[in-house]
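Coordinate inspection notes
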Amino acid sequence: MEAEIVRRIAHLSRIALPESELAQVAGQLDSIFALVAQMQAVPTEGIEPMAHPLDLQQPLRADQLRSETPSREELLASAPRAEDGLFLVPKVIE
Amino acid sequence: MGIPLAHKDIFCTRGLRTTCGSKMLSNFVSPYDATVVRRLQEAGTVSLGKLNMDEFAMGSSNETSYFGPVRNPWNLGCVPGGSSGGSAAAVAARLIPAATGTDTGGSIRQPAAFCGITGLKPTYGRVSRYGMIAFASSLDQGGPMARSAADCALLMDAMAGHDPLDSTSHPQGGGRFSAALGRSLQGLRVGVPAEFFGAGLDPEVAQTVETAIQWFAAQGAEIHPVHLPHNAHAVSTYYVLAPAEASSNLSRFDGVRYTHRSAAAKDLQELYLQSRYEGFGAEVRRRILVGTYVLSAGYYDAYYRKAQQVRALIREDFRRAFAEVDVIMGPTTPTPAFALGAKSADPVSMYLADIYTIAVNLAGIPALSLPCGFSKEGLPIGLQIMGDYFADELLLGVAAAYQRDTDWHRRAPAWEEQ
Amino acid sequence: MSMAWEVVIGLEVHVQLNTRSKIFCACSTAFGAEPNAHTCPVCLAMPGSLPVLNAAAVDKAIAFGLAIGAEINHRSIFARKNYFYPDLPKGYQISQYEIPIVGRGYLDVLLPNGEEKRVGITRAHLEEDAGKSLHDAYPGESGIDLNRAGTPLLEIVSEPDMRSAAEAVAYLKKLHALVRYLDISDGNMQEGSFRCDANVSLRRPGAPFGTRAEVKNLNSFRFLEKAISYEMLRQQDILESGGKVVQETRLFDANSGETRSMRSKEEANDYRYFPDPDLLPLQLDAERIEQVRKSLPELPDARKARFMAQYGLPAYDAAVLTAQRELADYYEAVATGQDAKLAANWIMGDLLGALNKAGLEIETCPVPARELQILLARIADQTVSGKIAKEIFEILFHEGGSVDAIIDARGLRQITDNTAIAAMIDEIIAKNPQQAAEYRSGKEKLFGFFIGQVMKVSQGKANPDLVNALLREKLQAPATE
């Protein structure tokens, strides 16, 4: 797998892969895709893709508000940065 | 019940840290309980704490945990299996009578086999996934790990059942599992797939498992050869589908609301890039990259869609087999527990440790692992029993019958002497 | 704009559905709460949380599909659209991709020139809204409020069928009216309940479509019109100077009236759509669809036809009055038992004029329909004249109160007493002998002068018909010296 592709998918995945790790990761991905390639040999023409083990349909929830929920304090308790009930991040530039 | 147990650290527990074995969640205190946690608590069990695991359940040796590896109580130089390695080791070491686990590609059954305990991966949809941190949503299923099938059944009585908070929860998921244990094996049709006894299977494991199957024959079960021709492609199919779902499921761990946030991040892009690099271990990062790749533009059909088609064929294999037999038996793992570090340098060799367990998750059927003997080195060997959809009760009954007559499951490791 | 270019416009409209709870969790969708007060483990994307679909969101999508004559897909799939953004807590948006709930439909739109045009609707699909980033309160940082995250949206995608800014505005207005009619959205554009993106391109008539720019952030009809006009000029300049339009996302700046490139969005997006494994296929049986069909209100086109038939209104009046559900409801309340055409004139003239001047909408109209109806009744029973009625309307609109109380308190009751009017006329003729003589000698224009005098003396209260008849009679009678 080319380094450029690894760089691209690492960025799409938002993982800051250091240049020094690129070659090693590319090699590992190569061996994983060699394993994955075995599947390509299976004839699958006309086979309906299976998305899910259950042949069920999506249940629907009545449009009602919940009676109780964790407090906002509890929901924000693990936030790396929060103030005034907001999660804070470095400035979002549009 | 008053039974003490502990939860795999993949289940959210209100007010307690829930880390999923990751630096990413090393400071996450869940504001809510997983449905499984709540149901077991309501049934009167007492939770003693949380159990180590492979990071985000990605691993077969419990070596990917940010908090360090778990050791196998039968041999402290060996892995306990994974990803529910902490659960298996704690039950095997007699620290707790039972634990919860989760199984995406074998993560209950493989550590159960390596540690000499009993573990059930239920039919997909019988145990709620709400509050169980998702690895691969269409494959993940929580289940019990305990010393015996009877104890697993007791846990299932409480754990299983429809959950309106999980859209994939089966409306008829519940059951009286502990009431279905006293069954006769007379006339039970047991399928044995040749594909599970081929190259790569340790001869000791093969012989031990065959001996166990003979025991069932002696009790009046009929042994039939069955074929699962697509099992050979289960691992490669799984390593498309599971990473694809995982790459998306793990996007929420972004440094914003409750995860590790890199101190080095100067802007928003760095916050994402650095926090996710620092917060995830190497195996998790690898699987995210694989998943991102197979879903990306131009590759979806060749990988993701193709894998879904092969998945359908794997399910079809089981459907055909279960038209002729009630259960399928074979080894849970190709070898007994391996040494710590033996496979950690080569991801693919680690992946192949799950060669007999993965097809079950792809199909969504139930399967159970129970101890059926030991290797010459004194390591446990697991027998895997697979069933059709909703055959969970049958599997527990068949395993309980075996355990009434054998004592493999009663053997305990003398780990304190090691 | 040179005649050589034709503009091609398609709109993508995001409509917030007015359900009580969010699309995948039981949090409130109410606007304006404290930051993150309406959140829970699901809409904050806490580890382990899972979505469950809101039935009301589904039914509202079905209602929309039925109203635009679309095929409702009996099986539709939820997919994940993957990208990282702080207001998108899961790192993916749950949307519908390959199979949306609503298939192809159409909307018949009344254009400003009176013609009707059919605009195709490609699809409409359910998805979840994102949260909001607040930029001003914290130096160097943004605050993330996820109250809006998980609000149900119906994204309605039109065909590129519109050929002018006016057509696009007319389509958007019709769509806005429709969602209000259906009561599937509050349609509040200021609060972001009804948001529009426009795909705009130019081509030579008959040529294939040109490269389009997608303009975002068009939260009013006026902005849509301005943005399209700006884009037309911008693209024309590029094309006529030999350049190429870049396919990109642009942001409309309401202050400058211009659009500008959103460079941050230009990075090649690869959303990696795939079916959401946490949700199963949405299957809709004929019974559910039929139930929604039965609960549909009368829709704008049907109501327009009924207004023409039932109230004898011309097509134009009926179209204006049915353009908004609230206006049509108001009209029907006023017209009940009254002269239907007169009611239409009052509403389309006086009422809409006053609302427009005051910057109000029919929903916030200070005159209740019941009072306007009483006012028309007082004209009909001759309690007041049409002229006095206009004065009463002004008082109603600006000061409130009831018609009858205003008439009594201000003594506005019309004088219909023959004797009293005759006495007034006699007095006026007596005071103006010269004008009377001139009138009698043929200067008939002076009739108006006398009418004016009577109205002045009676403070406008004399019944105009009686004044007319009596004045004519008295002026034609020989002078009584």
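Residues numbered from 1 in each chain as written. Chains lettered and ligands numbered in written order. Predicted model: local features only at pLDDT ≥ 70, side-chain atom pairs only at ≥ 80, totals over all residues. Heavy atoms only, no water.

Some details on the overall build of chain A
The number of helices and strands found in chain A is 3 helices and 3 strands. Counting from the amino terminus, helix and strand elements in chain A follow one another as α-α-β-α-β-β. Relative to the globule expectation of 12 Å for 94 residues, the C-alpha radius of gyration of chain A, 23 Å, shows a markedly less compact shape. With respect to the principal axes defined by its C-alpha atoms, chain A has extents near 55 × 45 × 25 Å. Residues counted as buried form 44% of the 94 residues belonging to chain A. For chain A, the accessible area works out to roughly 4,900 Å², and carbon and sulfur atoms hold 51% of it. Looking at charge distribution, chain A has the averaged site of its 8 positive side-chain charges lying 9 Å from that of its 15 negative ones. (Helix = DSSP H or I, 4+ residues; strand = E, 2+ residues; numbered from the N terminus. Rg over C-alpha atoms; globule rule 2.2 N^0.38 Å. Buried < 20%, exposed > 50% of the residue type's maximum accessible area, 1.4 Å probe, protein only. Areas by Shrake-Rupley, 256 points an atom, 1.4 Å probe, with all protein chains shown as cover. Lys, Arg positive; Asp, Glu negative; His and termini not counted. Charge placed at Lys NZ, Arg CZ, Asp CG, Glu CD.)

So, the interface of chain B and chain C
Counting from both sides, the interface comprises 37 residues of chain B and, opposite them, 30 residues of chain C. Carbon and sulfur atoms supply 59% of the area buried between chain B and chain C, which totals about 2,800 Å² over both sides. The interface formed by chain B and chain C contains 1 salt bridge. For Arg129(B), the salt bridge is made with Asp278(C), and the minimal N-O distance between the two is 3.0 Å. Within the residue set of the side of chain B that touches chain C, elements represented by two or more residues are helix 6 (234-249), helix 7 (268-279), helix 8 (282-295) and helix 9 (300-322) of chain B. Its residues assigned to classes, the side of chain B that touches chain C comprises 20 nonpolar, 10 polar and 7 charged. (Contact = heavy atoms within 4.5 Å. Buried area = accessible area lost by both parts, 1.4 Å probe. Salt bridge = Lys/Arg side-chain N within 4 Å of Asp/Glu carboxyl O. Nonpolar A, V, L, I, M, F, W, Y, C, P; charged D, E, K, R; others polar.)

Here's the deal with unusual backbone geometry
Along the chain, Gly82(B) connects to Ser83(B) via a cis peptide bond; the corresponding omega equals 10°. Inspection of the secondary structure puts Ser83(B) in the loop between strand 2 (46-51) and helix 2 (85-92). Of note in this structure, Asp84(A) is not a glycine but carries a positive phi near 50°. In this structure, Asp84(A) sits in the loop between strand 2 (82-83) and strand 3 (86-90). Owing to a relative accessible area of 53%, Asp84(A) belongs among the exposed residues under this scheme. Of note, the phi angle at Arg272(C) is positive, near 50°, even though the residue is not glycine. Take Arg272(C): it is sitting in the loop between strand 14 (258-261) and strand 15 (274-275). Residue Arg272(C) is classed as buried on the basis of its relative accessible area, which comes to 6%.

Some thoughts on empty space enclosed by the protein
Picture a little ball the size of a water molecule; that probe, rolled over the atoms, points out where space is still empty. Residue and element names in this part refer to chain C. By the definition in use, this model includes 3 cavities of 30 Å³ or more. Its boundaries defined by the atoms lining it, the largest cavity holds a volume of some 170 Å³. As for the largest cavity, its lining consists of 20 residues, of which Phe24, Val42, Cys43, Lys90 and Glu128 are closest to the centre. Class assignment of the residues belonging to the lining of the largest cavity gives a composition of 13 nonpolar, 2 polar and 5 charged. In this model, the second largest cavity occupies a volume close to 60 Å³. (1 Å grid on protein atoms, 1.4 Å probe; cavity = no way out; pocket = protein on both sides within 12 Å on 5 of 7 lines; lining within 4 Å. Points joined across faces, edges and corners; volume = space filled by probe spheres on them.)

A closer look at helix 8 of chain B
Spanning 14 residues, helix 8 of chain B covers 20 Å between terminal C-alpha atoms, matching the ideal 20 Å at 1.5 Å per step. Buried residues dominate helix 8 of chain B, accounting for 13 of its 14 residues. (Expected span 1.5 Å × (residues − 1).)

Here we look at the nonpolar core
Residues Phe56(B), Phe318(B), Leu383(B) and Ile385(B) are the most contacted members of the largest nonpolar core, which totals 155 residues. When residues in this core are grouped by element, the largest group, 10 residues, is from helix 9 of chain B. In this view, Phe318(B) contacts Leu228(B), Ile328(B), Ala359(B), Val360(B), Ala363(B), Ile365(B) and Met386(B); residues no more than four positions away in its chain are not counted. Judged by nonpolar contacts, the second largest core, of 68 residues, contains Val119(C), Leu154(C), Met232(C) and Leu282(C). (Core = buried A, V, L, I, M, F, W, Y, C linked by side-chain atoms within 4.5 Å.)

Some words on the sheet that holds strand 4 (residues 78-82) of chain C
An order of 5-4-15 (chain C) is seen for the 3 strands of this open sheet, with the pairing classed as antiparallel. Each end of this open sheet is capped by a strand with a single partner; those strands are strand 5 (92-96) and strand 15 of chain C. The pairing of strand 4 of chain C with strand 5 of chain C spans 5 bridges and is classified as antiparallel. Across the sheet, the residue bridging to Asn82(C) is Tyr92(C), located in strand 5 of chain C. Where helix 6 of chain B meets the sheet, its contacts fall on strand 4, strand 5 and strand 15 of chain C, and the angle it forms with strand 4 of chain C comes to roughly 65°. (Pairing = 2+ DSSP bridges. Axes fitted to C-alpha atoms, helices over the stretch in contact; angles between N-to-C directions.)

What about the sheet that holds strand 6 (residues 189-193) of chain B?
Residue and element names in this part refer to chain B. Strand order in the open sheet made by the 10 strands is 2-1-3-5-4-9-10-8-6-7, with mixed pairing throughout. With one partner strand each, in any of the chains shown, strand 2 and strand 7 (222-226) form the two edges of the open sheet. Each neighbouring strand pair of the sheet contributes to a mean axis angle of 30°, computed without reference to strand direction. When strand 1 (residues 4-8) meets strand 3 (residues 98-103), the two strands line up parallel, connected through 2 bridges. Bridge pairing in strand 3 places Leu5 opposite Ala98. Packing against the sheet, helix 2 makes contact with strand 1, strand 2, strand 3 and strand 5 (141-146), and its axis sits at approximately 155° to strand 3. The strands touched by helix 12 (residues 392-405) are strand 4 (118-121), strand 8 (327-331), strand 9 (367-374) and strand 10 (380-387); relative to strand 9, the strand with the most contacts, the crossing angle is about 15°.

Let's talk about the side chain of Ser22(B)
As for its placement among the helices and strands, Ser22(B) is situated in the loop between strand 1 and helix 1 (35-42). Look past the residues within four positions of Ser22(B) in its chain and what remains in contact with it is Glu55(B), Phe56(B), Tyr66(B), Phe67(B) and Gly279(B).

Focus: the layout of surface pockets
Residues and elements named next belong to chain C. A volume near 1,600 Å³ is recorded for the second largest pocket. Along the wall of the second largest pocket there are 43 residues; nearest its centre are Lys173, Phe221, Ala323, Gln324 and Glu361. If you list the elements that add at least two residues to the lining of the second largest pocket, you get strand 6 (105-110), helix 2 (165-181), helix 3 (221-240), helix 5 (300-311), helix 6 (315-322) and helix 8 (340-358). The element that contributes the greatest number of residues to the lining of the second largest pocket is helix 2, accounting for 8 residues. The residue makeup of the lining of the second largest pocket, split by class, is 21 nonpolar, 11 polar and 11 charged. Residue-level mapping places the lining of the second largest pocket at the junction of two domains, with at least three residues from each of domain 1 (6-290) and domain 2 (298-410). (Domains from an automatic or database assignment.)

A closer look at the side chain of Ser138(B)
By the secondary structure assignment, Ser138(B) is in the loop between strand 4 and strand 5. Excluding its chain neighbours within four sequence positions, the residues that come into contact with Ser138(B) are Ala51(A), His52(A), Pro53(A), Tyr124(B), Glu245(B), Arg311(B), Asn361(B) and Pro277(C).

Regarding the confidence of the model for chain A
Looking at chain A as a whole, its pLDDT mean stands at 94, while 99% of the residues score no less than 70. The least confident element of chain A, judged by mean pLDDT, is helix 1 (residues 3-12) of chain A at 95; the most confident is strand 1 (residues 60-61) of chain A at 98. (pLDDT = per-residue confidence, 0-100.)

Some points on the packing of aromatic side chains
Aromatic ring pairs are described here by two measures, namely the spacing of the ring centres and the angle between the planes. A full pass over the atoms with the stated rule returns 36 aromatic pairs over all chains. Seen in terms of ring centroids, Phe307(C) and Tyr311(C) are 5.3 Å apart; in terms of plane orientation they differ by 85°. Their pairing is edge-to-face. With Phe307(C) and Tyr311(C) both in helix 5 and 4 residues apart, the pair spans about one turn of that helix. Assigned by exposure class, Phe307(C) and Tyr311(C) land together as buried. With centroids separated by 5.8 Å and ring planes inclined at 65°, the aromatic side chains of Trp346(C) and Phe393(C) adopt a geometry described as edge-to-face. Pair noted here: Trp346(C) is in helix 8 and Phe393(C) is in helix 10 (residues 386-399), with a separation of 47 residues, a long-range link. Judged by relative accessible area, which is 4%, Trp346(C) ranks as buried. The rings of Phe28(B), Phe56(B), Phe253(B), Tyr258(B) and Phe280(B) are connected pair by pair, giving a single aromatic cluster. Against the face of Phe221(C) rests Lys173(C), its NZ or CZ located 5.5 Å from the ring centre. In this structure, Arg472(C) is placed above the aromatic ring of Phe447(C), and the distance from its NZ or CZ to the ring centre is 4.0 Å. (Phe/Tyr/Trp six-rings, centres within 6.5 Å; stacked < 30°, edge-to-face > 60°. Lys NZ or Arg CZ within 6 Å of the ring centre and 35° of its normal.)

Observations concerning the pairing of strand 4 of chain C
Residue and element names in this part refer to chain C. For strand 4, a buried count of 5 out of 5 residues is recorded, marking the element as mostly surrounded by other parts of the structure. Burial along strand 4 is two-sided: Phe78, Arg80 and Asn82 and Ala79 and Lys81, pointing in opposite directions, are all buried. Pairing of strand 4 with strand 15, which is carried by 2 bridges, proceeds in the antiparallel orientation. Its bridge partner being in strand 15, Arg80 is matched across the sheet by Phe274.

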